[in-house]
Amino acid sequence: MATPRIVLFGATGFTGRLTAEALAARGARPLLAGRDQTRLADLADALGGGLSIAVADVGRPESVRKIVKPGDVLISTVGPFVRWGEAAVAAATEAGAVYLDTTGEPTFVKRIFQRYGPAAAARGAALVTAFGYDYVPGNLAASLALRKAGSGAVRVDVGYFVEGGGTARRASAGTRASALGMVLEPMYGFREGRIVPEHGRTRKFLVDGRVRHGLAIGASEHFTLPPAHPGLREVNVYLGWLGGLTRVAGALAKATPVIAALPGVRRATDALADRVLRTGGGAAPAGPSGAAVSSRIVAEAYDAGGRRLAAVHLAGGDPYEFTAGVLAWAATTALAEGVHGTGALGPVDAFGLDALTRGCAEVGMAVRE
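As the structure is a prediction and not an experimental result, all values here were calculated from the model. (Residues numbered from 1 in each chain as written. Predicted model: local features only at pLDDT ≥ 70, side-chain atom pairs only at ≥ 80, totals over all residues. Heavy atoms only, no water.)

Asker: Any chance you could explain unusual backbone geometry here in plain terms?
Answerer: Glycine aside, a negative phi is what most residues show, and trans is what most peptide bonds show. At the junction of Gly79 and Pro80, the peptide bond is cis and its omega measures out at 0 degrees in the coordinates. The residue Pro80 is located in the loop between strand E4 (73-76) and helix H4 (81-84) in this model. A cis amide bond links Asp134 with the next residue in sequence, Tyr135, at an omega value of 0 degrees. By the secondary structure assignment, Tyr135 is in the loop between strand E6 (126-128) and helix H7 (136-149). Positive phi outside glycine occurs at Ala130, with the angle close to 55 degrees. Structurally, Ala130 is set in the loop between E6 and H7. Classification of Ala130 as buried rests on a relative accessible area of 2%. Backbone geometry at Asp208 places phi at a positive 50 degrees, although glycine is not the residue there. Relative to the elements of secondary structure, Asp208 occurs in the loop between strand E10 (202-207) and strand E11 (210-216). Overall, Asp208 belongs to the partly exposed group, its relative accessible area being 41%. (Helix = DSSP H or I, 4+ residues; strand = E, 2+ residues; numbered from the N terminus. Buried < 20%, exposed > 50% of the residue type's maximum accessible area, 1.4 Å probe, protein only.)

Asker: Which parts of the structure should I look at to understand the nonpolar core?
Answerer: For soluble globular proteins, nonpolar side chains are generally found buried alongside one another. Counting residues in each nonpolar core, the largest one holds 71 residues, and the members touching the most others are Leu32, Leu100 and Phe131. Every residue in contact with Leu100, bar those within four places of it in the chain, is listed here: Val73, Leu74, Ile75, Ser76, Val128, Phe131, Leu327, Ala330 and Ala331. The next biggest cluster of nonpolar side chains, apart from the first, holds 26 residues, and it includes Val89, Tyr116, Ala120 and Ala125. (Core = buried A, V, L, I, M, F, W, Y, C linked by side-chain atoms within 4.5 Å. Contact = heavy atoms within 4.5 Å.)

Asker: Whenever I open this one, helix H13 (residues 319-337) confuses me. Can you help?
Answerer: Three or four residues apart is the spacing at which side chains of an α-helix point the same way, because the helix has 3.6 residues per turn. Between its terminal C-alpha atoms H13 stretches 26 Å, which fits the 27 Å expected from 19 residues at 1.5 Å a residue. Burial runs high along H13: 15 of the 19 residues are buried. With a side-chain oxygen positioned 2.8 Å from the backbone nitrogen of Tyr320, the residue opening H13 is Asp318. (Expected span 1.5 Å × (residues − 1). Polar contact = N/O pair within 3.5 Å; in protein donor to acceptor, adjacent residues only side chain to side chain.)

Asker: Looking at this structure, how should I read the packing of H13 against helix H15 (residues 353-362)?
Answerer: Two quantities define a packed helix pair, namely the angle between the helix axes and the distance between the axes. With their axes 9 Å apart at the nearest point, H13 and H15 run at an angle of 135 degrees to one another. As summarised for this structure, H13 and H15 are arranged oblique, according to the angle between their axes. As for how H13 packs across H15, the hand of that crossing is right-handed. Across from Phe322, Val326 and Trp329 in H13, the residues of H15 making contact are Ala355, Leu356, Gly359, Cys360 and Glu362. Residues that form the contact of H13 with H15 fall into these classes: six nonpolar, one polar and one charged. (Axes fitted to C-alpha atoms, helices over the stretch in contact; angles between N-to-C directions. Parallel < 35°, antiparallel > 145°, perpendicular 65-115°, else oblique. Left-handed = near helix turned anticlockwise from the far one by under 90°. Nonpolar A, V, L, I, M, F, W, Y, C, P; charged D, E, K, R; others polar.)

Asker: Hey, could you run me through the sheet that holds E4 in this one?
Answerer: Strands belonging to one sheet form pairs held by backbone hydrogen bonds; the direction of such a pair is parallel or antiparallel. Strands sit in the order E3-E2-E1-E4-E5-E6-E15 across an open sheet of seven strands; the sheet is parallel. Of all strands in the sheet, those with a lone pairing partner are strand E3 (53-55) and strand E15 (343-344), marking the two edges. Bridge count for strand E5 (residues 98-101) against E6 is three bridges, and the pairing is parallel. Bridging from a neighbouring strand, Tyr99 pairs with Leu127 of E6. Contacting strand E1 (6-9), strand E2 (31-34) and E4, helix H1 (residues 14-25) crosses the sheet at an angle of about 160 degrees to E1. (Pairing = 2+ DSSP bridges.)

Asker: Help me out: how do you make sense of the packing of H7 against helix H9 (residues 221-228) in this one?
Answerer: Between H7 and H9, the shortest axis-to-axis distance is 10 Å and the interhelical angle comes to 25 degrees. Put simply, H7 runs roughly parallel to H9. As for the relative orientation of H7 and H9, their crossing is right-handed in sense. The segment H7 lies against H9, with Gly138, Asn139, Ala142 and Ser143 engaging Glu221, Thr224 and Leu225.

Asker: Explanation requested: the environment of Met365 in the structure shown.
Answerer: Mapped onto the elements of the fold, Met365 is located in the loop between H15 and strand E16 (366-368). On the basis of relative accessibility, which here comes to 1%, the residue Met365 falls in the buried class. Here the alpha-carbon distance between Met365 and Pro137, two residues 228 residues apart in the chain, equals 7.7 Å. The residues contacting Met365, other than those within four sequence positions of it, are Tyr133, Pro137, Ser295, Ile297, Leu314, Ala315, Gly316, Phe322 and Cys360.

Function-wise, these values are silent; they only describe arrangement.
And the structure:
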């Protein structure tokens, strides 16, 4: 049998390239896979040469299946995932491999847990979706807060916040295209012990002494936290990137079902996302004067009476750099030690809470007391 390896699918994209560099920095020698052989060869040379490359395209799913073998660790950075992500999931499932991806798309996350997880478990595959800034830090912070809170916790709220260095300009073409695809997709939450529709809920968090607003989104925390904490009845995840526009975005989110039903709206949104991908390129530099991008993640656990039992704050830097670093940590760890379990897994399920805490700290996302 071939020796298991790390396969990086989408290696020449913005996030893929950052991940390739992070893997190389850890001494890993991944197979670089993507659509363009010339660009793959250039990337392999830029990383010091000697890395294997393979041409694979989601339009030809058999080409993706061909590069994944039993025991491999497949990283997919090919988005928007709702449109193009399934070929990699299917390939990993069929091979019985470990799968990691960088999606932040709620619909795709839900699909992994509800549709693909059972098949992966049957084949001995492990699917660890949304393994990046979306949504590893929230899983980590919430798990730590729930451990501190103890058995009395029935609700946990998570907030993601980024600031500094022209945050909006930092979004890569892939991120912008994925965001466009998410606009018309139904959101979800976890309340009364089950997944429920979510429509524009907002709330305030206190972050570094400032009041910050967040908009409720669907995330992996809704699927990963309740099985590990049976007393949980409610999980809420909020995105705080929009600042003062959050409440406006919440009002618009409530109208999403009506807007999505209008003829031609989805087709127009897909066309705009395609245009963004063709013309967008990578993310902008950290800021016009080199200002640093920082990230904060907050998790708060509450009892049945609404009393806050515990809070955990994480502090980190640029979300893209964190994503690349934590993917490289996870892939090398999974290749050397395996993961805990099969099927659709959360980051804590796959690696354990203490190991994940150390891994995130290694790449700049640390607990801030």
